[in-house]
Amino acid sequence: MNTIAQHWINGQWTGSGSVLESINPADGAVAGSFYDGGEAEASAAVDAAAAAFATTEWARTPSLRATALDRLAEALEARVPEVAAMLSRENGKLLGETTWEVSGAAGWLRYAAASARTQSAGRAAETAPGQYTHSVPEPLGVAGIISPWNSPIMLTVRALGPALAAGCTVVVKLPAQTALTNELFAQVLASVSEIPAGVVNVFTESGNTGAPFLVSSDKVDVINYTGSTPVGRRIAAAAAPTLKRLGLELGGKAPMVIFPDADLDMVIPTVVQALVLMNGQFCCTGSRVLVHRDIADQVRTRLASALAQVRLGSGDDEKAQLGPVIDRASAQRVDAIVEEATSYGTVLLRGGVVTDGPLAAGAFYRPSLIEVDRTDVRIVQEEVFGPVQTFEIFDDEDDAVTKANATIYGLAASVFSSDSMKARRIARRIRTGTVWINTWGAISEDFEEGGVKGSGYGYLCGPRAIEEFQALKVYVEQDHTQSAH
């Protein structure tokens, strides 16, 4: 790595902006230093991407794009241990999780490579005698990708892959919390000779000037953003004057609906995993546990006991189940939400900020479980983004659906029942982009991801992902030697 992590713009390393430190949330130690970007870096990156789109063969050569994406997958696979270790050190996720993220991202790039070859063709027909019409998907132009710190590699690649497959050139804005990981990923990009200079540009930003520039620039044709719903709303408003295409995957408040005929020996560990994965900082975190009244006592006891036994530790602790949240301020924010909930809910497990012992220097938060009988309270309505679950009781199918749909969010949900027809019936009525039945968190590059309601719009992964970065052009040709009627 560079001594100070830099930006990758127009095929060059750029050490511009003030120098800040990246902090390991597990112990508060300095992981390294980085150049903090902003509007200047965003502007330079947009200019480079626009020039590359106009002057290189990238947009017009699907085979080149497919080859480059395959090479990019190979280059990322070769550095999985290094990138995963750095990501774990910077955002606190367990090493097993970051290893899965980075290696999985390589698979998503291979899917994008296949899309470049198979989804670049249009269709044609003789629509009238002597009149020939054909349509061709074309790249939108410059794509801006704004990624979060909780899964920066995976959540960047799932947009970057289809954007490049479509023929777009790209500017990626990555978060300061993972600045050193960002540079490692940029190094992987820089190593692929098939990607012309300016086709992919990466800058890191802690503030809020570079990302808004991408959103408002008339040189940027499409924005993909993953993050909170409030920020997504602001992006939609700021993008309106340029009428650019938007893909927004926003917050979630995933309900996990448990019926009496569910296998609790499977359900309880799954619900625990749905809370602790990514340290509770995941848009699909199973933050709401909805339980049928007939089994409420049993699930309440078993779940509280299981959460109390969750082992906390740093990312390289092989026995740890839960790492730190991103920083100490976040731990305090989560605790304030839980403390407020104790005034209207019943405390089943009061976790909290770790303030003593070997983990006290980090941003660790023990899981909390709060029982509530209202859906109009903050802990139900807002994304906590930490290891906190609510416990809610329902009486029948209609009650379960009503409560599951009681928030603005519509990203993901789970239904647990041994009656497959009932599970599908409930899943059909829950308004989310994804519903898992008798499981949680299963994702694949082969099928789309996206939300409804306050969780945004647009799709990534699967065959529709490339369409988020394409426009359709229709050509009509008339043969005047024939009569066209």
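Residue numbers restart at each chain and count upward from 1, following the sequence in its written direction. With pLDDT at 70 or above as the cut-off, local features in this predicted model cover only qualifying residues; side-chain atom pairs require 80 or more to be listed or tallied, and sums for whole chains, interfaces and linings still use all residues. Hydrogens and water molecules were not included; the side-chain quantities draw on all heavy atoms of the structure.

1. Here's the deal with the sheet that holds strand S20 (residues 434-437)
Two orientations exist for strands paired in a sheet by backbone hydrogen bonds: parallel and antiparallel. We treat two strands as partners when DSSP finds at least two bridges between them. Labels follow the DSSP assignment, with helices taken as runs of H or I lasting at least four residues and strands as runs of E lasting at least two, numbered in each case from the N terminus. Spatial strand order, S14-S17-S18-S13-S12-S19-S20: seven strands in an open sheet with mixed pairing. At either margin of the open sheet sits one strand with a lone partner, and together these are strand S14 (346-349) and S20. On average, each strand axis in the sheet is tilted by 25 degrees relative to the strand beside it, whichever way the strands run. Sheet topology places strand S13 (residues 288-292) next to strand S18 (residues 388-394); five bridges connect them, and they run parallel. Each bridged residue has a counterpart across the sheet, and for Arg 288 the counterpart in S18 is Thr 390. Two residues form a contact once any of their heavy atoms are found within 4.5 Å. Lines fitted to C-alpha atoms define the axes here, with helix axes fitted over just the stretch in contact, and angles between the N-to-C directions of these axes take values from 0 to 180 degrees. In this fold helix H9 (residues 264-276) packs onto strand S12 (255-258), S13, S18 and strand S19 (412-416), with an angle of close to 170 degrees to the strand it touches most, S12.

2. Describing the packing of aromatic side chains
Think of it this way: a Phe, Tyr or Trp ring, Trp meaning its six-membered ring, pairs with another when their centres are within 6.5 Å, and the plane angle makes it stacked under 30 degrees, edge-to-face over 60, tilted otherwise. Within the structure shown, the criterion is met by five aromatic pairs. Taking 5.8 Å as the distance between ring centres and 80 degrees as the angle between the ring planes, the aromatic pair formed by Trp 149 and Phe 385 counts as edge-to-face. Here Trp 149, found in the loop between strand S7 (142-146) and helix H5 (152-166), pairs with Phe 385, found in the loop between helix H12 (378-381) and S18; they are 236 residues apart in sequence, far enough to count as distant. Each residue is placed in one exposure class: buried if its accessible area under a 1.4 Å probe, protein chains only, is under 20% of its type's maximum, exposed if it is over 50%, and partly exposed if it falls in between. Taking the relative accessible area as the measure of exposure, Phe 385 reaches 23% and is therefore partly exposed. Consider the rings of Phe 259 and Phe 394, whose centres lie 5.2 Å apart with planes at 70 degrees: the pair is edge-to-face. On the criterion of sequence distance, the pair formed by Phe 259 in the loop between S12 and H9 and Phe 394 in strand S18 is long-range, its members being 135 residues apart. Looking at Phe 394, the relative accessible area reads 0%, which means it is buried. Put simply, the rings of Phe 282, Trp 436 and Trp 440 touch in pairs and so form one group of aromatic residues.

3. Here we look at the packing of helix H2 (residues 62-77) against H5
Between H2 and H5, the least distance of the axes is 9 Å, while the angle of their chain directions is 160 degrees. Judged by the inter-axis angle, H2 sits roughly antiparallel to H5. Crossing angle aside, the handedness with which H2 passes H5 is right-handed. Together, Arg 65, Leu 69 and Leu 76 of H2 and Ile 153, Gly 161, Leu 164, Ala 165 and Ala 166 of H5 make up the contact between the two elements. Each residue belonging to the contact of H2 with H5 can be placed in one class, and the counts come to six nonpolar, one polar and one charged. An angle counts as roughly parallel when it lies under 35 degrees, as roughly antiparallel when it exceeds 145, as roughly perpendicular when it falls between 65 and 115, and as oblique in every other case. Here a crossing is called left-handed whenever its near helix is offset anticlockwise from the far helix by less than a right angle, and right-handed whenever the offset is clockwise. In this classification, the charged set is Asp, Glu, Lys and Arg, the nonpolar set is Ala, Val, Leu, Ile, Met, Phe, Trp, Tyr, Cys and Pro, and all remaining amino acids, among them Gly, are polar.

4. Structural notes on the sheet that holds strand S6 (residues 131-139)
Across the sheet, which stays open at both edges, the three strands sit in the order S5-S6-S22 with antiparallel pairing between neighbours. Lying at the two open borders of the sheet, with one neighbouring strand each, are strand S5 (123-128) and strand S22 (470-478). Across this sheet, the average inter-strand angle for adjacent strands is 25 degrees, counted without regard to direction.

5. As for the packing of H5 against helix H6 (residues 179-190)
One can describe the packing of H5 onto H6 by two numbers: an axis separation of 11 Å at closest approach and a directional angle of 35 degrees. H6 is crossed by H5, and the crossing has right-handed handedness. Facing Ile 153, Thr 156, Val 157 and Leu 160 of H5, the residues of H6 in contact are Thr 181, Phe 185 and Leu 189. Looking at the contact of H5 with H6, its residues break down into five nonpolar, two polar and no charged.

6. Observations concerning the nonpolar core
Core analysis: the largest hydrophobic core is formed by 58 residues, its most contacted members being Leu 76, Ile 153, Leu 160 and Phe 469. Take this core: its biggest share by element is nine residues, from H5. Filtering out sequence-adjacent residues up to four positions away, Ile 153 remains in contact with Leu 76, Val 83, Leu 87, Glu 101, Val 102, Ala 105, Thr 181 and Phe 185. Grouped together as the second largest cluster of nonpolar side chains are 39 residues, Ile 268, Cys 284, Ile 295 and Ala 412 included. Among the buried residues, those of types Ala, Val, Leu, Ile, Met, Phe, Trp, Tyr and Cys that are joined through side-chain atoms within 4.5 Å form a nonpolar core.

By themselves, these figures tell us nothing about what the structure is for.
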